[in-house]
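# Report on the structure
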Amino acid sequence: MAGRYEETFRRSLADKERFWAEAAEAVRWEKRWDKVLDDSRAPFYRWFTGGRLNICDNALDRHVEGGRAEQAALIYDSPVTGTKRSYTYRELRDRVARIAGGLRKLGVERGDRVLIYMPMVPEAAMAMLACARIGAIHSVVFGGFASAELATRIDDAKPKAILSASCGIEVQRIVPYKPLLDGAIELARWKPSACVILQRPQGKAALTPGRDHDWEEWEAGASPADCVMVEATDPLYILYTSGTTGQPKGIVRDTGGYAVSLPWSMKNVYGVEQGETWFTASDVGWVVGHSYIVYAPLLHGCTSILFEGKPVGTPDAGVFWRVISEHGAVAFFTAPTAFRAIKRDDPDGALIRKYDLSKFRTLFLAGERADPPTVQWAEEQLKVPVIDHWWQTETGWPICSNCVGLERLPVKHGSPTKPVPGWDVRVLDPAGHEAKPGEIGALVVKLPLPPGSLPTLWNADERYRKAYLDEYPGFYQTADAGYIDEDGYVFVMTRTDDIINVAGHRLSTGAMEEVLAAHPAVAECAVIGVDDELKGQVPLGFLVLKAGVKQSPEEVVRESVQLVRERIGPVAAFKTAIVVQRLPKTRSGKILRGTMRAIADSKEWKMPATIDDPAILGEITTALKAAGFAANAKEPA
Ligand code: COA
Ligand code: AMP
């Protein structure tokens, strides 16, 4: 007999419209949809066309009216500032309504974009919900990005207003955000008409008269705004993520599909009930923060914890356990890299045992491959199920998971278990044929994608089609490679493009190469991701200098590292580059990045049949060894 997971999964694919129409009953609609799945513009599919709703109404007002007014909606826990503050659903609704009114006063209307560049303070979540309240489209940019990256996003999204803060707080330093924002506006061709700056006591910013507003005064002077009903297919937000070039992709999220799929996932994927406390340690700048710090827990009537700190160093590797125990979280979601950092500082789990974790039921990991030793360590120490699950900025919620809310399946380390209901995952070979169990190929999802996933890219339908749909007609290409085993478990092995994953952050090596190539002394360059014990991967640059360059190689390396930090941001964690004489290439001139990566990581590799000059790989191996990589580099197979 099929289990609950199997039965639900089958139903989700056999009758998609009925399945998602049932899930949509959990949402408050002003007008119900005309069509659950609209395929009139396939392969551009839309969900719940004709439906009208407001997602902020569903996340806040509905709960205030429905008996949760005095329940905590958001708990802000900030070890870096020594602050803890709780907001009930009523308090959160009231502040969000006022901020929405403030946006209105700045001329922001339905469909206008608002860029949010903020640290992990409650006002960041309020700002997102305030945009949603009046039908404006928010675009949150992670604080670890530098001015140039921010400028690219400003030019693409063309925001009417920008909401920011005077500073962010890292373990060792205060990061002034305002100079980064001013620099970005200076660089951008598009100029926002207003900026609102939250002044933090840890570092105040100078405001630009005529453009900048002080958040506190601005909010205090605003009248609360009511929810504006929007079409289910209206964009809720744009979230930029790394593509294969320096031009990031603006992932669009629609309103109705997201409002339906997220609360469904809270119950069925994560096994969390309404009213329970949920903790995601990520950042509102990432998709995990959008979906599982802000929208999903609130849509589901949970209490969500917004944490401003790091897994270690704020003040120690026990901080997550302190937060879970103090606020009674039943589930916790973070990236494997955070666990590697905790394991390094507290290998025997002594800090875990300091806290009462009796309410804590499940740990969820995502954002990068969860390495089995880390998963095992977490299982042994925490004695709760540790669930690896796979998803992407594009998908908005998990593609594969052990859906503990439906039925807990046996865990296979190294696998995020099976496709979540709604996700028809296949493995295809280069000719587009389905691979046999155990055979590696491209991981794809049969169209249409379920509600809540991206309908397109911002102002770039053609780019969406080219990047995701063209290679395997009828399927969404995830750009991850992997396999499905005999039992239907999915294994996600590697990206098929130049994206690397550094401490759970998605970065493009192509974008880093574009920055390095701009250094006047650099003739050619390549960036690869090499294995790193803590961060999973870190970028490593190879530089070929122009003939006659007067600068020393050390100086060029130093400047290159600085350049990436300035142009992309500290989050790129680009710290190492090696100067080499030449780069290994195929006869047609393609740089052999994969081979360089295998050598750097001391993995098995084959001499590529198409290599132009095999001797170069010897030179690269020597340079890598001198720089501390490729310690056990293998000879070619
Ligand atoms: N604003 C400004 N700068 C930021 C920033 C922010 N919001 N977030 C990170 N940075 C900076 C850091 O200060 C650091 O700068 P440095 O080079 O001067 O030290 C750099 O960006 C890299 O940061 P980070 O990746 O956080 O590395 P770290 O060495 O400071 O910490 C970990 C290592 C493992 C503790 C940390 O990466 C971590 O907590 N990872 C979990 C990530 C996560 O939750 N991802 C979400 C996906 S679900
Ligand atoms: P992002 O868009 O930042 O969420 O990054 C998405 C990418 O992270 C995916 O395409 C994968 O390469 C990787 N990823 C996320 N979760 C997992 C996981 N559980 N296992 C393996 N890789 C993952």
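Since the structure is predicted, the reported quantities are computational estimates derived from the model, not experimental observations.

With that settled, the discussion passes to the overall build of the chain. The helix and strand inventory of the chain stands at 18 helices and 31 strands. Its C-alpha atoms give the chain a radius of gyration of 24 Å, within 12% of the compact-globule value 26 Å for 637 residues. By principal-axis analysis of the C-alpha atoms, the chain measures approximately 70 × 70 × 55 Å. Taken across its 637 residues, the chain has 61% of its residues classed as buried. Residue pairs in contact within the chain that sit at least 24 positions apart in sequence constitute 71% of those at least 6 positions apart. Surface summary for the chain: the accessible area is close to 24200 Å², and the carbon and sulfur share equals 50%. Charge centroids of the chain, computed over 77 positive and 82 negative side chains, lie 1 Å from each other.

If you walk through the whole model with that rule in mind, you get 40 aromatic pairs. Ring geometry for Tyr-5 and Phe-9: centres 5.8 Å apart, planes at 25°, overall stacked. Remark: Phe-9 and Tyr-5 occur in helix α1 (residues 4–14); sequence separation between them is four residues, near one turn of the helix. Like Tyr-5, the residue Phe-9 is buried in the burial classification. Pairing Tyr-237 with Tyr-295 gives two aromatic rings, centres 6.5 Å apart and planes at 15°, and the pair type is stacked. Here Tyr-237 is found in strand β14 (residues 235–241), whereas its partner Tyr-295 is found in helix α10 (residues 287–299), with 58 residues between them in sequence. A relative accessible area of 0% places Tyr-295 in the buried class.

On to the packing of helix α17 (residues 593–600) against helix α18 (residues 615–626), then. It is at 10 Å that the axes of α17 and α18 come closest, and there the two elements cross at 40°. In terms of their interaxial angle, α17 and α18 are classed as oblique. Every pair of crossing elements has a handedness; the one defined by α17 and α18 is right-handed. Of the residues in α18, those in contact with Thr-595, Met-596, Ile-599 and Ala-600 of α17 are Leu-617, Ile-620, Thr-621 and Leu-624. Residue classes in the contact of α17 with α18 are distributed as six nonpolar, two polar and no charged.

Turning our attention to the pairing of strand β5 (residues 83–88). Looking at chain direction, strand β4 (residues 72–78) and β5 are connected through six bridges and run antiparallel. If you follow Ile-75 over to β5, its bridge partner there is Ser-86. Joining the antiparallel neighbours β4 and β5 is a turn of four residues, in which Gly-82 adopts a positive phi near 70°.

Taken as a whole and judged by the stated rule, the model has zero disulfides. Not engaged in a disulfide, the cysteine Cys-131 finds its nearest cysteine sulfur in Cys-56; these two sulfurs lie 10 Å apart. Distance from the sulfur of Cys-227, which forms no disulfide, to the nearest cysteine sulfur (Cys-56) is 4.8 Å.

With respect to the helices and strands, His-433 occurs in the loop between β23 (425–428) and β24 (441–446). Along the primary structure His-433 and Tyr-472 are separated by 39 residues, whereas in three dimensions their C-alpha atoms are 9.6 Å apart. Excluding its chain neighbours within four sequence positions, the residues that come into contact with His-433 are Val-427 and Leu-428.

What follows deals with the side chain of Arg-93. Note that Arg-93 resides in helix α4 (residues 89–105). Look at Arg-93 and you get buried, because its relative accessible area is 18%. Setting aside chain neighbours within four positions, we find Arg-93 in contact with Leu-60, Asp-61, Val-64 and Arg-133.

Here the focus is the sheet that holds β23. Here we have four strands laid out as an open sheet, ordered β23-β24-β25-β26, and antiparallel in their pairing. Each end of this open sheet is capped by a strand with a single partner; those strands are β23 and β26 (490–495). The mean inter-strand angle of the sheet, taken between neighbouring strand axes irrespective of direction, is 50°.

Once that is clear, we can look at the domain arrangement of the chain. With domains assigned, the chain is organised as domain 1 (4–309 + 389–477) and domain 2 (499–626). Placing a centre on the C-alpha atoms of domain 1 and another on those of domain 2 gives a separation of 33 Å. At the interface, 18 residues of domain 1 touch 15 residues of domain 2. Buried area between domain 1 and domain 2, both sides added, is near 1200 Å², and the carbon and sulfur share of it is 50%. Where domain 1 packs against domain 2, one counts one salt bridge.

Around ligand 1, 23 residues are found, and the nearest of them are Glu-170, Arg-173, Lys-310, Arg-565 and Lys-575. In this structure, a nitrogen atom belonging to ligand 1 sits 3.4 Å away from a side-chain N or O atom of Tyr-177. In the model, an oxygen atom of ligand 1 is placed 3.5 Å from a nitrogen or oxygen of the Val-571 main chain. Protein coverage of the free-state accessible area of ligand 1, which is 940 Å², stands at 84%. Along the lines of polarity and charge, the residues of the shell around ligand 1 split into eleven nonpolar, six polar and six charged. Split by domain, the shell around ligand 1 shows at least three residues from each of two domains, domain 1 (4–309 + 389–477) and domain 2 (499–626).

This next bit is on the site of ligand 2. Taken together, 14 residues sit near ligand 2, with His-389, Thr-393, Asp-480, Arg-495 and Arg-506 positioned nearest. Measuring from a nitrogen atom of ligand 2, one finds a side-chain N or O atom of Asp-388 at 2.8 Å. One of the backbone N or O atoms of His-389 is found 2.8 Å from a nitrogen atom in ligand 2. In isolation ligand 2 exposes 500 Å². Once the protein is present, 92% of that is buried.

What follows concerns unusual backbone geometry. Residue Pro-43 follows Ala-42 across a cis peptide bond; omega there is 10°. Inspection of the secondary structure puts Pro-43 in the loop between β1 (35–41) and β2 (44–49). Of note, the phi angle at Ser-602 is positive, near 55°, even though the residue is not glycine. As for its placement among the helices and strands, Ser-602 is situated in the loop between α17 and α18. Of note, the phi angle at Ala-630 is positive, near 55°, even though the residue is not glycine. Checked against the element boundaries, Ala-630 lands in the segment after α18. Its relative accessible area of 1% is what places Ala-630 among the buried residues.

Cut-offs and rules
- Residues numbered from 1 in each chain as written.
- Chains lettered and ligands numbered in written order.
- Predicted model: local features only at pLDDT ≥ 70, side-chain atom pairs only at ≥ 80, totals over all residues.
- Heavy atoms only, no water.
- Helix = DSSP H or I, 4+ residues; strand = E, 2+ residues; numbered from the N terminus.
- Rg over C-alpha atoms; globule rule 2.2 N^0.38 Å.
- Buried < 20%, exposed > 50% of the residue type's maximum accessible area, 1.4 Å probe, protein only.
- Contact = heavy atoms within 4.5 Å.
- Areas by Shrake-Rupley, 256 points an atom, 1.4 Å probe, with all protein chains shown as cover.
- Lys, Arg positive; Asp, Glu negative; His and termini not counted.
- Charge placed at Lys NZ, Arg CZ, Asp CG, Glu CD.
- Phe/Tyr/Trp six-rings, centres within 6.5 Å; stacked < 30°, edge-to-face > 60°.
- Axes fitted to C-alpha atoms, helices over the stretch in contact; angles between N-to-C directions.
- Parallel < 35°, antiparallel > 145°, perpendicular 65-115°, else oblique.
- Left-handed = near helix turned anticlockwise from the far one by under 90°.
- Nonpolar A, V, L, I, M, F, W, Y, C, P; charged D, E, K, R; others polar.
- Pairing = 2+ DSSP bridges.
- Disulfide = S-S within 2.5 Å.
- Domains from an automatic or database assignment.
- Buried area = accessible area lost by both parts, 1.4 Å probe.
- Salt bridge = Lys/Arg side-chain N within 4 Å of Asp/Glu carboxyl O.
- Near = heavy atom within 4 Å.
- Polar contact = N/O pair within 3.5 Å; in protein donor to acceptor, adjacent residues only side chain to side chain.

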